[in-house]
2 protein chains.
Amino acid sequence: MAVATQSLEELCINSIRFLAIDAVEKAKSGHPGLPMGAAPMSFVLWDRFMRFNPKNPAWLNRDRFLLSAGHGSMLQYALLYLTGYEDLTMDDIKQFRQWESKTPGHPENFMNPGVEITTGPLGQGIANGVGIAMAEAHLAATFNKPGFPIIDHYTYVIMGDGCNMEGVASEACSLAGHLGLGKLIALYDDNHISIEGSTDLAFTEDVGKRYEAYGWHVLVVEDGNTNIDAIHQAIETAKSVTDKPTMIKVHTTIGYGSPNKANSYEAHGAALGAAEVQATRESLGWNYEPFEIPEDALKHWRKAIERGAKYEGDWNEMYARYKEQYPQEAATLERMHEAELPQGWESVLPKYTPEDKAEATRVQSGKALNALSAVFPELIGGSADLASSNNTLIKGAGDYQKGQYQNRNLRFGVREHGMGAICNGLALDGSGLIPYCATFLVFTDYMRAAIRLSALSEAGVIYVMTHDSIQLGEDGPTHQPIEHVNSLRMIPDLLVMRPADGNETSGAYKAAIEAAKGKKFGHKVRPTVIALSRLAQPNLPNTSIEGVEKGAYILSDSDGTPDIILMGTGSETQLCVKAAEQLRGEGKKVRVVSMVCWELFQDQDEAYRESVLPKAVKKRVSVEAGVTFGWCRYVGDEGVAIGIDTFGASAPGPVCMEKFGFTVDNVVAKAKSILG
Amino acid sequence: MAVATQSLEELCINSIRFLAIDAVEKAKSGHPGLPMGAAPMSFVLWDRFMRFNPKNPAWLNRDRFLLSAGHGSMLQYALLYLTGYEDLTMDDIKQFRQWESKTPGHPENFMNPGVEITTGPLGQGIANGVGIAMAEAHLAATFNKPGFPIIDHYTYVIMGDGCNMEGVASEACSLAGHLGLGKLIALYDDNHISIEGSTDLAFTEDVGKRYEAYGWHVLVVEDGNTNIDAIHQAIETAKSVTDKPTMIKVHTTIGYGSPNKANSYEAHGAALGAAEVQATRESLGWNYEPFEIPEDALKHWRKAIERGAKYEGDWNEMYARYKEQYPQEAATLERMHEAELPQGWESVLPKYTPEDKAEATRVQSGKALNALSAVFPELIGGSADLASSNNTLIKGAGDYQKGQYQNRNLRFGVREHGMGAICNGLALDGSGLIPYCATFLVFTDYMRAAIRLSALSEAGVIYVMTHDSIQLGEDGPTHQPIEHVNSLRMIPDLLVMRPADGNETSGAYKAAIEAAKGKKFGHKVRPTVIALSRLAQPNLPNTSIEGVEKGAYILSDSDGTPDIILMGTGSETQLCVKAAEQLRGEGKKVRVVSMVCWELFQDQDEAYRESVLPKAVKKRVSVEAGVTFGWCRYVGDEGVAIGIDTFGASAPGPVCMEKFGFTVDNVVAKAKSILG
């Protein structure tokens, strides 16, 4: 389609295309096809519908844009550049996919303020979008007042065939339909091509019908390549349907404009190559140099700056009046947005003594959650259909349902992976919500990709994971975690906490809240997994919230240098405590250390760590009902790790613990074997 | 419904119910609700439709029954007992959920020959069922001849609301619809209740419409509690539709018969309690003692024995004639079924020398796969839409599609978790197929639950995982594995192999095939993960298939006791080889060890392991582009692990490797730092 003159829209749309083509070409790496095909819908969306301020990516009431098909990252970077975001320059675009550039291969929210979420792994972005739309509905129901629509924005997601095949997306979208999230609009880049070729190879379901079955409103744009008006009309219609999320199936051609590679997987994930780049320039009548944007197009795109200033300015004016009339609500909203902690909040955390009755740490978790949710309205969450087992219901907070979005108990259904990804959305909404989600620890396996993304994208999610070992008993090996705690400890930037009793559970929540607010680790927000027991545990002497803050601390000691150090976590710490009593009774000097959180411990200075685990004391025993893999770090060459390296068994919990060696006698025996 | 006399059907159905009720009550643990509600459909299925021989659970052409709602395990145990399976006695039932019983909390295939697959984690069973139905179609297309329907059976799955919420099930069922698997019949125990209460809380989609969108045939039985004829009719109709899988939505009442707990979550996951057990006996007119089955019912149920003997007898007679006419096909079928290896099979594995060109191990994996698939018709598999990146296409083997089930290239689409669970089904079908599946190593996170179940249920699946480190480069941190290899090593009973070059890749496949056939580890079948590089690696001197069999082996050595040992895996082994040359040039005695598979190494005797890594040699350096967590096991207190403990970055692969310290210089420097 070589045309002498292009319309302004075509210039604007081709600006997106060629920024993507040229950046990928320069990097000799990347995905040009999606940006080329999705450029028209993106133009219509960003130029005509989205309300945002390029000069203030953090403006609270902005519309959110999520690129679920994250490999199309150059699409997003092009849009950020063209509309005038400060932090994305043409030099950044030229450094696409290079060391330390702001334009990494897949969009990373921590590299670029204009990027809301980190995507790449398919299906995550649309599920994040469900979470962000849930946040909007919740905050609107909570904070808006008559005449003051403080929270009133849309969540737009561009997703592709891959996202639509992924189970995590199915889970989240089923929930979105149930909740009637009317301000969630997904544009499905329906190009019929995936990496292995035509979608006819593996994906022939009726996607529209499936989404209607979920309770979504479904529209189709037959020609998403050239019919701008149809795209415009569809988005208008989508916005007008307020009680259902909308999917707009936009038929596009992957790699549109490339004469030889369009409509084939060859346009998907590799640079077009110099010859094809040239051919595409000719085909689309684009006579500009690489990275050169026609003045008219840039000027038109950059009207977003003025529009954005007005959107935000008007909102600021409204917010100022709101703040006058509703100072308390405004104060809460601002405190949340600034990630500040309410005054004296730690005082609500339950404290325990050994005289308090033995309780499962999952029960104590429920108490901590309930206490905290009274002072943190930003706490919102739930379970994947195990609320009573996970103890995650907040009494009196109501169920979050269609038309009841002010409530805080989320009912995720049996959808662990969707739940995790939704929570990433809730956390990264930008309003300061702290989401928590729960299931049995063993089912972190279902949602590991979402947990990892929490860590990578600095999403302050609290993962409440109960039934954390073979001690759960009769449900048997499919349900008994073995490798899970240590395998989660390996995920960078994730806190993993395994409290022994009530004080430590309260301490775990204190750390988790602070981590979610970015109050630790050099102000980097971190997610936390809290592993909790099914069965009752005694409250131990000397446990404390303060101890937990340091990750590992001394519970009891003998005078002078210890002969041996016993280290425990969670339900096994009590075995160390009792074994120490026995050994001291036989004249040994024993130190007991609670190793509740390795990451916090490693974050302490060398002097503290040495004071807890002196290098010179080589005789050590660790006790944790999980794999021994990795404990060598703390037990060393001369120590012994008591653990379980096989699958578990179906039998009552106490029987399992005894059969697998988690007894005081066994700890004493192992200790003596190295004491000599 | 207290009736003086019950019909024979009612007696049979209530036999199921009360075995479940009484076993759960005795164990004071378990899930009575589903067995009580699903008893009628199970009676109709097992008594009137399923073709199986209780005295030979391994009969090749049996119908397969899968309980995807695995928590309802007492349903399955009751059916196995009532129909006369040898290995499940009344004593076994009385030991439900007790240490070392054959009736664990969730069905375990390795505990009980009548159980086809291990379930419990929701959504897995129905996905396994898709795999088993795929196996049936493949084997029928491959082995049947005119007049000889050797393979001709149905796959029946009972699934619940939870399974229908899970993404893994969505993925597998979308593929099942695409493939038109007409002999897959799912009975959906549609009881409107999950653990948190009514499904109205979170799950209000139109399930039937969704399955129609997938291309399934959907039927409804309005009264699944009492209308036996309707259930019967539905199964008949389902069987008659041969070009689509069928879902029968059977409306039931969870805990049917319990006056106070029926139709509530209270019947779901806890013993009814003595009072309610008694009330249920009265309500259903059941005047038998716990574990007492009325004679008439048992006699009727046990007709399955005679029927089964006839089914198998007739089949044996047909098979004998088939074998005469088609000896070659029969020989292959038998070899596969016996898990035997074809004569001289190892000779097809490619061998390499350092003069051969450098290639990515993913390329060498493709060569090994193609070579092996020529002698192993049982090898069948594919990728989650990354076939050309994973190098998993078998040339000339054709795409497995509707009507083309004889082909062996499976096109899973972007459905990693479904793919893994489907492969578990293919592996556990009982016919001896060896499935392989592939994606990027980082996306094992999406399918970890299925990988774990492969290990637990002894399913010989080969997981081909490419792009195994930061060396993959520009796709960046969302795609770069960091913790993945070590986190997989922690899963019990899973082989994890990271070959350095072509010989080691061939060795990895040799080990994987043998593990899948149960030729190692005391004849226990094991799954294998093979981690492969994206970029080219040189073929190293002294690598060998034989070395890989031992898990770790010496690549090069100096005379006498080493001063230091350098250990590497995969793409980093070459760094050890080159660093050793440098250090030897400076007079050091250096041993280089390839640590390709920790599990195989640990399986060697102490003497061998000591010969490779002598305890006395404490100066050690490990090099692997993954977390250091866990390497302390081999580097010890005095060694150094070179690894990466942070997320990666988007930049070209060689840049990433250099920036993160994977260079010969760094290995030499670390070695010198401990050599002193």
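A quick note: this is a predicted structure, and the numbers were derived from the prediction, not measured. (Residues numbered from 1 in each chain as written. Chains lettered and ligands numbered in written order. Predicted model: local features only at pLDDT ≥ 70, side-chain atom pairs only at ≥ 80, totals over all residues. Heavy atoms only, no water.)

Asks: How would you sum up the side chain of Arg408 of chain B? Please name residues and give values.
Replies: All names here are of chain B. Tracing the backbone shows Arg408 in the loop between α15 (387–390) and β10 (409–411). Buried Arg408, no salt bridge; nearest opposite-charge side chain is Glu378, N-O distance 6.8 Å. A distance of 2.9 Å separates a polar side-chain atom of Arg408 from the backbone oxygen of Ser373. One polar contact links the side chain of Arg408 to the main-chain carbonyl oxygen of Phe376, over a distance of 2.9 Å. In contact with Arg408, not counting residues within four places along its chain, are His138, Ser373, Phe376, Pro377, Leu379, Ile380, Gly381, Ala397 and Gly398. (Helix = DSSP H or I, 4+ residues; strand = E, 2+ residues; numbered from the N terminus. Buried < 20%, exposed > 50% of the residue type's maximum accessible area, 1.4 Å probe, protein only. Lys, Arg positive; Asp, Glu negative; His and termini not counted. Salt bridge = Lys/Arg side-chain N within 4 Å of Asp/Glu carboxyl O. Polar contact = N/O pair within 3.5 Å; in protein donor to acceptor, adjacent residues only side chain to side chain. Contact = heavy atoms within 4.5 Å.)

Asks: Quick rundown of helix α12 (residues 303–325) of chain A? Include the residues and the values.
Replies: All names here are of chain A. The first and last C-alpha atoms of α12 sit 33 Å apart over 23 residues, in line with the 33 Å expected at 1.5 Å per residue. Among all positions of α12, only Ala304, Gly308, Glu312, Trp315, Met318, Tyr319 and Tyr322 are buried. Packed against the buried residues of α12 are α3 (73–83), α5 (124–143), α11 (295–301) and α13 (327–337). (Expected span 1.5 Å × (residues − 1).)

Asks: Requested: an account of the relation of the copies chain A and chain B, with residues and values cited.
Replies: Of the two same-sequence chains, chain A is brought onto chain B (RMSD 0.0 Å, axial shift 0.0 Å) by a rotation of 180 degrees. Such a turn and shift between the copies fits a two-fold axis. Both copies contact each other with a shared surface, as 100% of the interface residues of chain A are interface residues in chain B too. (Least-squares fit on C-alpha atoms with pLDDT ≥ 70 in both.)

Asks: Help me get a handle on the pairing of strand β14 (residues 528–531) of chain A, residues and values and all.
Replies: Note on strand geometry: in a regular strand, side chains alternate between the two faces of the sheet. Residue and element names in this part refer to chain A. What you see with β14 is no split at all: Thr528 and Ile530 on one side and Val529 and Ala531 on the other are buried throughout. As judged from the 4 bridges shared by strand β12 (residues 462–466) and β14, these two strands associate in the parallel manner. Across the sheet, the residue bridging to Val464 is Ile530, located in β14. Note that strand β13 (residues 495–497) and β14 share 3 bridges and pair parallel. When the sheet's bridge partners are listed, Val496 is paired in β14 with Val529. Chirality of the crossover, the property in question, places the unit of β13, helix α19 (residues 502–516) and β14 among those that are right-handed. (Pairing = 2+ DSSP bridges. Right-handed = clockwise from strand over helix to strand, strands pointing away.)

Asks: Go over the packing of helix α7 (residues 167–179) of chain A against helix α16 (residues 416–428) of chain A, please, and point to the residues and values.
Replies: All names here are of chain A. The contact between α7 and α16 brings their axes to 8 Å, and the two run at 75 degrees. Here α16 runs roughly perpendicular to α7, going by the angle between their axes. Contact residues: Val168, Glu171, Ala172 and Leu175 in α7; Glu416, His417, Gly418, Ala421 and Ile422 in α16. (Axes fitted to C-alpha atoms, helices over the stretch in contact; angles between N-to-C directions. Parallel < 35°, antiparallel > 145°, perpendicular 65-115°, else oblique.)

Asks: Explain the domain arrangement of chain A residue by residue, including any values.
Replies: When its domains are assigned, chain A resolves into domain 1 (8–307), domain 2 (345–531) and domain 3 (551–675). Between the C-alpha centres of domain 1 of chain A and domain 3 of chain A the distance comes to 52 Å. (Domains from an automatic or database assignment.)

Asks: I'd like a rundown of the packing of aromatic side chains, residues and numbers included.
Replies: Residue and element names in this part refer to chain A. What the rule picks out here adds up to 54 aromatic pairs over all chains. With a centroid separation of 6.0 Å and 25 degrees between ring planes, the pair formed by Tyr154 and Tyr156 is classed as stacked. Tyr156 matches Tyr154 in its accessibility class, with the two residues each being buried. Over the face of the ring belonging to Tyr81 we find Arg302, whose NZ or CZ atom lies 4.9 Å from the ring centre. One cation-aromatic arrangement involves Lys550 over Tyr608; the distance from NZ or CZ to the ring centre is 5.1 Å. (Phe/Tyr/Trp six-rings, centres within 6.5 Å; stacked < 30°, edge-to-face > 60°. Lys NZ or Arg CZ within 6 Å of the ring centre and 35° of its normal.)

Asks: Tell me about the state of the cysteines, and name the residues and values.
Replies: Within the structure shown, the criterion is met by 1 disulfide over all chains. Put simply, Cys632 of chain A and Cys632 of chain B are joined by a disulfide, and their sulfur atoms are 2.1 Å apart. What sets the handedness of the Cys632 of chain A and Cys632 of chain B disulfide is the S-S torsion sign, and at about 65 degrees it is right-handed. Of this pair, Cys632 of chain A sits in helix α24 (residues 632–635) while Cys632 of chain B sits in helix α24 (residues 632–635), on two different chains. (Disulfide = S-S within 2.5 Å.)

Asks: An account of the packing of helix α14 (residues 361–375) of chain B against helix α19 (residues 502–516) of chain B is needed here, citing residue identities and associated values.
Replies: Residues and elements named next belong to chain B. Between α14 and α19, the shortest axis-to-axis distance is 9 Å and the interhelical angle comes to 45 degrees. In terms of their interaxial angle, α14 and α19 are classed as oblique. Handedness of the α14/α19 crossing: right-handed. The residues of α19 that touch α14, namely those facing Thr361, Gln364, Ser365, Ala368, Leu369 and Leu372, are Gly502, Thr505, Tyr509 and Ile513. Each residue belonging to the contact of α14 with α19 can be placed in one class, and the counts come to 5 nonpolar, 5 polar and no charged. (Left-handed = near helix turned anticlockwise from the far one by under 90°. Nonpolar A, V, L, I, M, F, W, Y, C, P; charged D, E, K, R; others polar.)

Asks: Help me get a handle on the interface of chain A and chain B, residues and values and all.
Replies: With 102 residues of chain A at the interface, the matching set in chain B holds 102 residues. Together, the buried faces of chain A and chain B total about 8,200 Å²; carbon and sulfur atoms form 59% of this surface. Of the charged contacts in the structure, one is a salt bridge between Asp445 of chain B and Arg448 of chain A, with a shortest N-O distance of 3.3 Å. Linking chain A to chain B there are 47 residue pairs in polar contact (both at pLDDT 80 or more). If one sorts the elements of the side of chain A that touches chain B by residue count, helix α17 (residues 444–456) of chain A sits on top with 8 residues. Tallied by class, residues from the side of chain A that touches chain B come to 42 nonpolar, 31 polar and 29 charged. (Buried area = accessible area lost by both parts, 1.4 Å probe.)

Asks: How would you summarise the pattern of salt bridges if you had to cite specific residues and measurements?
Replies: Summed over all chains, the structure comprises 83 salt bridges over all chains. Where Glu483 of chain A meets Arg452 of chain B, a salt bridge forms, and the shortest distance between an N and an O atom there is 2.7 Å. Residue Glu483 of chain A is located in the loop between β12 and α18 (484–489), and its partner Arg452 of chain B is located in helix α17 (residues 444–456); the two belong to separate chains. Residues Glu483 of chain A and Arg452 of chain B agree in their burial class; the two are buried.

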